[in-house]
Structures are given as C-alpha cells and as structure tokens.
Amino acid sequence: MDFMNSVLIVGSGGREHAILKALLRSDRPLCLYAYPGNPGMERDGCMLVDKKITSWQELADWASMNGIDLTIIGPEAPLVDGAVDVFQSNGLCVFGPSKAAAQIEGSKAFAKELMKKYNIPTASYEIFNDKEEALKYLSAKGAPIVVKVSGLAAGKGAIVCDTEDAARNALSEIFDAKIFGDAGSSVVLEEKMVGEEASIFVITDGRRYKILPAAQDHKAIGDGDTGPNTGGMGAYAPAPLIDSEMLKRIEQEIVVPTLKAMEQEGRRYKGLLYCGIMVTSEGPKVVEYNCRFGDPETQVVLPLVQCDWYELFRSCAVGNMTPTEWVTVPGYCVSVILASKGYPGSYEKGKVITGIEDVEHERSNLDVYHSGTSLDNDDRFITNGGRVLAVSAWAETLIDAITIAYEGVAEINFEGKTFRRDIAAKGLKRLKRDTAGARH
Ligand code: AMP
Ligand code: GLY
C-alpha cells in the first residue's frame, strides 16, 4: 500500500472546503484532517479535529502527535497572529506566510508603504493616527476618497466615500466610536480608483511562483453591485477582463516587484499572495493584498488547475517550489453564494437545508462548498452563518457554467435563502463585446 501523507487544513469556510476538494482531485492518497472544518468537509472524508484548541502551540502539538506532514492555513487571522511561526518552530511543514510576511494584509499602512518604496502601482494615499490630521487632509483633497482602517476588519474596513461628509462620518466612526477597535487606530486615506477589479492568486515560495487563473468576486450584496459589501457573493474565472497582455503587466509591474520587495525587507513571502487589482485607464493598480486564498474565488480558481496540490503546497512551504505538472483546465467556473436573509447584517441560524446531495449527484460538473452550515440532531444540514453555501459549476462556456450553477441554486432550499442573480454577468457581457458572434 502507498504511504499516505497526512494533511491538516485550518479553517472552516468554503475556501477550506475548496482546498480539500482540490487535494482530493490529486491522484496522491492523502489522510485529511481539518480544524475546525465544517460538516461538508467531513462528509467528503475529512476528519475534523474534535478538540478545543486555545493556542497555536496546542494545535501544533496535536499535529506533531498525529504525524501531520503538511498544514495549510486558510484564513488571515491565524496567519497574522503568527500560527505559521509556531508550527515552524515545532519543526512542522506549514503552507502560509510567516507573521512578518502576513503584515502585507495585517497592516494596510505597511502594505501602502511597501508599494510606495518599491514603486508598485496603487492609489495615492496618506496614513493617519490622528483624527484632526486626517480631517485636514480630507479638506485639502476633497471627495471622492476612500477611508480604510489599517488593521484586519473582516472585509469591512474600506469605506468608499463619494462626499466629504461621508468621509468625515467614517473618520468619526473609526476614531471616536471606535467601531473597528484597535484595527482603526491607524487609518489610510486614499484616492478613489476607477476601473474594474480582479483577484489574482499567486502561489509562491517567495522566489518562484505560479499565477492562478484570474477571478472576479462580487462583493456587494445586491444585483448590479448595489447595497453593502459582504465577504463576497459569488465569483467566476477565468475573468476575460485579464487578457494575456494585462496578465503580463500585472506579473511584471506587481507580482515580481512585490515578491522581491518582501524578500528585501526580510519578510520572504511563502504561501498564497492574493493581489486585489483595479484595472484602471493607467494600467493595473493594487487595491489590496491578502495573505491567503480568497473566498469565494478559491471555489472557482482551484478547479481550473490540475496538479499535485499536495506537492505544490508542501514545496512552497519548505521554500523550494517544485515544477509539478500544471494543467490549466479549459472552460469556466462560476460560484454563487447562498446566504442567510439579513446578511451582511444580522440573520437567523438553524434553518434546515434541503437538496444539497441531490444536486451534487445529478450533475457531475457541480460542487457545493459549505461555509456556514452545521448538523442538527437528526443529521440534517442546517444554516449556521451569513454565507451558507457556494454552488459552483464548471462548463466549457461561461453561459453554460452560469446556467448549471443557477440550476443548482434553484434546487437547494432553506428559509431565507438569499443570493445574487447576476454572478458572472459582467464577464459574459465583456466576452460578448470582445468576440461578437461566438458562443460563450
Ligand atoms: P479592501 O478592504 O482594501 O479590499 O477594499 C474593499 C473594496 O473597497 C475593494 O474591493 C474595492 O471595491 C473598494 N476599494 C478599496 N480601495 C479602493 C480605492 N482606492 N478606490 C476604489 N475602490 C476601492
Ligand atoms: N473574496 C474576497 C476575499 O476573500 O477577501
């Protein structure tokens, strides 16, 4: 029998479920664990670490005791908190940036200073630790302007203000009401960029890298990008916005200089670097960096690459990325998030979900990723979060992928099911414009 490597995935969302499914698609036999994981991951054969963990050291001890060969850390909070450093100091192999490297997401002030120092294109900005100074700058610059808290804010820390009043109000909420707590002790005021956004994932050992197919997220809760921002209501890839010429520019003007800058700063970046890009009339600019895979982009990007994910993650983790066979799957992936009614505000939990298994069995090109689910006493899936499920489909054409994903969406039900009806519509529009007459 083949020797089985053991992998621990840290996190509990659709992103972690997508990482699990990618590992399962590789031929390599693996023994898979998740902490804390979710019921969808468990149903796919992953063992959940059934233990209350109060420190990264405790989880590292568990990993050592259970012979874990590779740990993959999904969310930003453990990375910014230094979980990778703890695992490494215990002699464990772990995929993700060190605490010092994760500052690229953990501190927007750090990321902006890095971009300025190394001439990486981004919006012009100033950093403030004091409200009065920020107000003076605001009066001089005027609106539109973007107000961002420097620390982690679960995707809600950037406020795009079209009027000076809105910006003053945001500053008052951050500095006076302290709605973001310590994350808002430092604030970035920056130029509002105009353009379309894309998510570029770079898997890297800090020197060698691979760029995954470009994706587009849909951050706002409502169709047509209306209403408040969420963690992401759907995604698709590859995004036609990023043609090969634009990708080359992003690689040369952003990816390569960023990796070099991080190494030069003594923060060599190993793991997944997420570059949030705005394609402006002047070219690609960085909106933000994240130190981890995006959610729901991971659900559409990973299925588009066939490779030995275990070997790729492991080799990046040890700083020697091996050129594993890497095949880009033709076609498109579309993922639609099903959310609880009220999200991103308050919502109820515990609603019974029906149809998941039927939908997956009926269609080979459809996957359901769990984010906010749990099991009730009768072993039924119930809602347990704002974003509940991601329904993802692959097809040769974008229009077919959209159709299949929405067929799945129609068959999965729970009280208060909320979703956007226009996921990937902007991609389809662009394809139609670029290649009039062809089938998309
Ligand atoms: P962030 O938290 O930095 O990712 O920002 C969240 C969202 O706010 C981005 O995805 C953009 O849609 C928007 N945003 C952030 N910064 C800017 C900017 N400088 N110009 C325009 N939109 C921005
Ligand atoms: N989908 C956006 C993010 O993961 O930050």
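Residues numbered from 1 in each chain as written. Chains lettered and ligands numbered in written order. Predicted model: local features only at pLDDT ≥ 70, side-chain atom pairs only at ≥ 80, totals over all residues. Heavy atoms only, no water.

### Description of the site of ligand 1
Taken together, 15 residues form the shell around ligand 1, and within it Glu190, Glu191, Met193, Glu197 and Glu288 come nearest. Lys108 places a polar side-chain atom, nitrogen or oxygen, 3.2 Å from an oxygen atom of ligand 1. Contact distances for ligand 1 include 2.6 Å between an oxygen atom and a side-chain N or O atom of Glu288. In the complex, the protein chains occlude 92% of the 470 Å² of accessible area that ligand 1 would expose alone. Elements that contribute at least two residues to the shell around ligand 1 include exactly strand E7 (145-149), strand E8 (158-161), strand E9 (187-191) and strand E17 (283-290). (Near = heavy atom within 4 Å. Polar contact = N/O pair within 3.5 Å; in protein donor to acceptor, adjacent residues only side chain to side chain. Areas by Shrake-Rupley, 256 points an atom, 1.4 Å probe, with all protein chains shown as cover. Helix = DSSP H or I, 4+ residues; strand = E, 2+ residues; numbered from the N terminus.)

### Some details on the layout of surface pockets
Gaps left between atoms are located by rolling a probe of water-molecule size over the structure's atoms. In this model, the second largest pocket occupies a volume close to 230 Å³. Arg25, Pro303, Asn365, Asp367 and Trp394 are the residues nearest the centre of the second largest pocket, which is lined by 14 residues in total. Mapped onto the lining of the second largest pocket, the elements with two or more residues apiece are strand E21 (366-370) and strand E24 (387-395). Residue composition of the lining of the second largest pocket, by class: seven nonpolar, five polar and two charged. (1 Å grid on protein atoms, 1.4 Å probe; cavity = no way out; pocket = protein on both sides within 12 Å on 5 of 7 lines; lining within 4 Å. Points joined across faces, edges and corners; volume = space filled by probe spheres on them. Nonpolar A, V, L, I, M, F, W, Y, C, P; charged D, E, K, R; others polar.)

### Some points on the site of ligand 2
Around ligand 2, a shell composed of Asp217, Gly231, Tyr274, Asn290, Arg292, Gly294, Asp295, Pro296 and Glu297 is seen. Gly231 places a polar main-chain atom, nitrogen or oxygen, 3.2 Å from a nitrogen atom of ligand 2. Burial of ligand 2 by the protein amounts to 88% of the accessible area it has alone, namely 200 Å². Partitioned by chemical class, the residues of the shell around ligand 2 number two nonpolar, three polar and four charged.

### What about the side chain of Thr204?
Tracing the sequence through the fold places Thr204 in strand E10 (residues 196-204). Thr204 gets classed as buried once you look at its relative accessible area, which sits at 0%. There is a polar contact of 2.7 Å between the side chain of Thr204 and the backbone nitrogen of Gly206. Looking at Thr204, its side chain comes within polar contact range of the main-chain oxygen of Arg208, at 2.8 Å. Leave out the neighbours within four places in its chain, and Thr204 touches Tyr209, Leu259, Tyr269, Lys270, Gly271, Cys316 and Met321. (Buried < 20%, exposed > 50% of the residue type's maximum accessible area, 1.4 Å probe, protein only. Contact = heavy atoms within 4.5 Å.)

### Quick look at helix H15 (residues 425-434)
Where H15 is concerned, the buried positions are Gly427, Leu428, Arg430 and Leu431. Projection of H15 onto a plane perpendicular to its axis shows the buried side chains occupying an angular sector of 165°, all on one side. Away from the buried face of H15 by more than 90 degrees, exposed residues Lys429 and Arg433 are located. Where the residues of H15 are buried, they touch E10, strand E15 (234-237), strand E20 (332-339) and helix H14 (398-411). (Arc of directions from axis to C-beta.)

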